[in-house]
Amino acid sequence: MSKRITILGSTGSIGRQSLEVISACGMEAVALTANSSVKLLEEQARRYRPELAVLMDERAAGDLRVKLADTNVRVLGGMEGILEAASLSSADTVITAVVGMIGLRPTLTAIREGKRIALANKETLVCAGQLVLEEARDYGAQIIPVDSEHSALFQCLEGNRDRGEVKRLILTCSGGPFYGKKRAELQGMTRKDALQHPNWSMGAKITVDSATLMNKGLEFIEAMHLYRMPPEKISVLIHRESIIHSLVEYCDNAMIAQLGAPDMRLPIQYALTWPKRTPGPAVPLDLWNCGSMTFGTPDTDTFRCLKLAMEAAETGGTAGAILNGANEEAVSQFLAGKIGFLEIAEKVALAMERVPVVREPGLDDVLEADRAAREAID
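Residues numbered from 1 in each chain as written. Predicted model: local features only at pLDDT ≥ 70, side-chain atom pairs only at ≥ 80, totals over all residues. Heavy atoms only, no water.

Asker: How would you sum up the overall build of the chain? Please name residues and give values.
Answerer: Looking only at helices and strands, the chain has 16 helices and 11 strands in total. Relative to the globule expectation of 21 Å for 378 residues, the C-alpha radius of gyration of the chain, 20 Å, shows essentially globular dimensions. A principal-axis box enclosing the C-alpha atoms of the chain has dimensions of 55 × 45 × 40 Å. Looking at the chain residue by residue over its 378 residues, the buried ones come to 57%. Considering only residue pairs separated by 6 or more positions, the chain has 67% of its internal contacts joining residues 24 or more positions apart. Looking at the chain as shown, the accessible area adds up to about 16000 Å², and 48% of this sits on carbon and sulfur atoms. With 42 positive and 49 negative side-chain charges, the chain shows a spacing of 3 Å between the two charge centroids. (Helix = DSSP H or I, 4+ residues; strand = E, 2+ residues; numbered from the N terminus. Rg over C-alpha atoms; globule rule 2.2 N^0.38 Å. Buried < 20%, exposed > 50% of the residue type's maximum accessible area, 1.4 Å probe, protein only. Contact = heavy atoms within 4.5 Å. Areas by Shrake-Rupley, 256 points an atom, 1.4 Å probe, with all protein chains shown as cover. Lys, Arg positive; Asp, Glu negative; His and termini not counted. Charge placed at Lys NZ, Arg CZ, Asp CG, Glu CD.)

Asker: Describe the sheet that holds strand β9 (residues 234-238), and please don't skip the residues or the numbers.
Answerer: Strand order in this open sheet of 4 strands is β9-β8-β10-β11, and the pairing throughout is mixed. For this open sheet the edge positions go to β9 and β11 (255-259), each flanked by a neighbour on one side alone. On average, each strand axis in the sheet is tilted by 20° relative to the strand beside it, whichever way the strands run. By the bridge criterion, 5 bridges tie strand β10 (residues 244-250) to β11 in an arrangement that is antiparallel. Within β11, the position partnered with I244 by the bridge is L259. The sheet contacts of helix α11 (residues 214-226) involve β8 (166-173) and β9, and relative to β8 the element is tilted by about 155°. (Pairing = 2+ DSSP bridges. Axes fitted to C-alpha atoms, helices over the stretch in contact; angles between N-to-C directions.)

Asker: Tell me about the sheet that holds strand β4 (residues 74-77), and name the residues and values.
Answerer: Read across the open sheet, the 7 strands follow the order β4-β3-β2-β1-β5-β6-β7; overall the sheet is parallel. Two strands bound the open sheet, and with one partner strand each, they are β4 and β7 (143-145). If you compare each strand with its neighbour and ignore which way they point, the axes differ by 20° on average. Strand direction decides the pairing type here: strand β2 (residues 28-34) and strand β3 (residues 52-55), joined by 4 bridges, are parallel. Counted as the bridge partner of T33 is V54 from β3. Packed on one face of the sheet, helix α12 (residues 265-273) meets β1 (4-8), β5 (93-96), β6 (116-119) and β7 and runs near 170° to β6.

Asker: Requested: an account of the pairing of β3, with residues and values cited.
Answerer: The alternating pattern of β3 places L52 and V54 and A53 and L55 on opposite faces, both of which are buried. The β-α-β motif built from β2, the intervening helix α2 (residues 38-48) and the parallel element β3 has right-handed crossover chirality. Note that β3 and β4 share 4 bridges and pair parallel. Looking at β4, one finds that L55 is bridged to G77. In this view, the connection linking β3 to its parallel neighbour β4 by way of helix α3 (residues 58-67) has right-handed handedness. (Right-handed = clockwise from strand over helix to strand, strands pointing away.)

Asker: Explain the packing of α11 against helix α14 (residues 319-335) to me, and be specific about the residues and the numbers.
Answerer: The geometry of α11 relative to α14 is characterised by a closest axis approach of 12 Å and an angle of 155° between their N-to-C directions. Viewed along their axes, α11 and α14 adopt a mutual orientation that is roughly antiparallel. With respect to the hand of their crossing, α11 and α14 are arranged in left-handed fashion. Only L323, N324 and N327 of α14 make contact with α11, whose side of the interface consists of M214, L218 and I221. Across the contact of α11 with α14, the residue classes break down as 4 nonpolar, 2 polar and no charged. (Parallel < 35°, antiparallel > 145°, perpendicular 65-115°, else oblique. Left-handed = near helix turned anticlockwise from the far one by under 90°. Nonpolar A, V, L, I, M, F, W, Y, C, P; charged D, E, K, R; others polar.)

Asker: Give me the pairing of β10: which residues, what numbers.
Answerer: If a strand is regular, its side chains alternate between the two faces of the sheet. Here β10 lies mainly inside the structure; 7 of its 7 residues are buried. Note: β8 against β10, 5 bridges, orientation antiparallel. Each residue of the ladder has a partner; that of L171, found in β10, is S246.

Asker: With reference to specific residues and values, describe the packing of aromatic side chains.
Answerer: This model, assessed by the stated rule, comprises 4 aromatic pairs. Their ring planes at 65° and their centres at 6.4 Å tell us that F154 and Y270 sit as a pair that is edge-to-face. Here F154, found in helix α7 (residues 148-156), pairs with Y270, found in helix α12; they are 116 residues apart in sequence, far enough to count as distant. Assigned by exposure class, F154 and Y270 land together as buried. Measuring from centroid to centroid gives 5.7 Å for F154 and W274, while their planes differ by 70°, and the two rings are edge-to-face. (Phe/Tyr/Trp six-rings, centres within 6.5 Å; stacked < 30°, edge-to-face > 60°.)

Asker: Before we move on, could you go through helix α5 (residues 104-112) and cite the residues and values that matter?
Answerer: Burial analysis of α5 places 7 of its 9 residues in the buried class, which makes it a mostly covered element. Within the span of α5, buried status applies to L104, P106, T107, L108, T109, A110 and I111. Trailing α5 by a residue or two, G114 shows a phi angle of about 70°, which is positive.

Rendered as structure tokens:
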């Protein structure tokens, strides 16, 4: 069970909810990091009194250093500061809540210090899953998933002694704000439209990924690595209500599911308290009044990003890094109003065609695949 926590990305949605959990469960935040939000990180530092506060933006870090001069909080900036937070000796657990490929180096740094990794940065495993898991094994680091779907699978598999008994992992998917629409209807969808998720309150990038179904595609690849399952043993199921967070089907055709209200504080807390369960701030699920639950098949022709991710999963090697790098760049362009919604998938497909795959990659190969994918669609 975790006691002293570093949060990489404390000002984002997962980071803020992590602080609620830490406070409610009597834990301590020893380091907080963010990108450039001086005001919010100052507020968090004054409330939680960590040893270390870091902003990736060096200029913003300078501002924060001045603002926290009357406290004992040490302030650092840049990637070196993030890496120091990830390796801080006083922390037993690192919550990786940063979004995107930028989370890979800090996660590897924390793993090499033997920390428990509460993993909310799915891109780490999508881009370098084999490398990350080998490092975790070599350094004795635990990786506990924070994503609601992967936390659900983790919980459903806890009583399983033999992974050979697992017939299939089933990832549930709300379908996002555009569920049921066809390509013609998606042609004019705007940033505002894409950010209207029906169930979850998340950051802009992950909300757009939910609208394209790329988020589920990234989780598909992540599940392969986390649970060492081939792609043919993983399925995606549309479940609009986000009550069943995922399921495991066993060889005798029994299914075990994890249910809960759509509240990220529950999987965050379980990643910190595992293998124990304790009372916490998550909203209870009221089964008597939650209404009907519905299920369906994802439309991978309309939502092409999911199909592209499944293809990357089959290919392996650096295909995941290419897929992810292109998607990060395309989503950034969409949020900036430079491209249309349907062009996100088109650009990802273009990068997957143009950038060659390295089958047995090292870290440099992964980083180069990410760079080349971004350049291919810029």
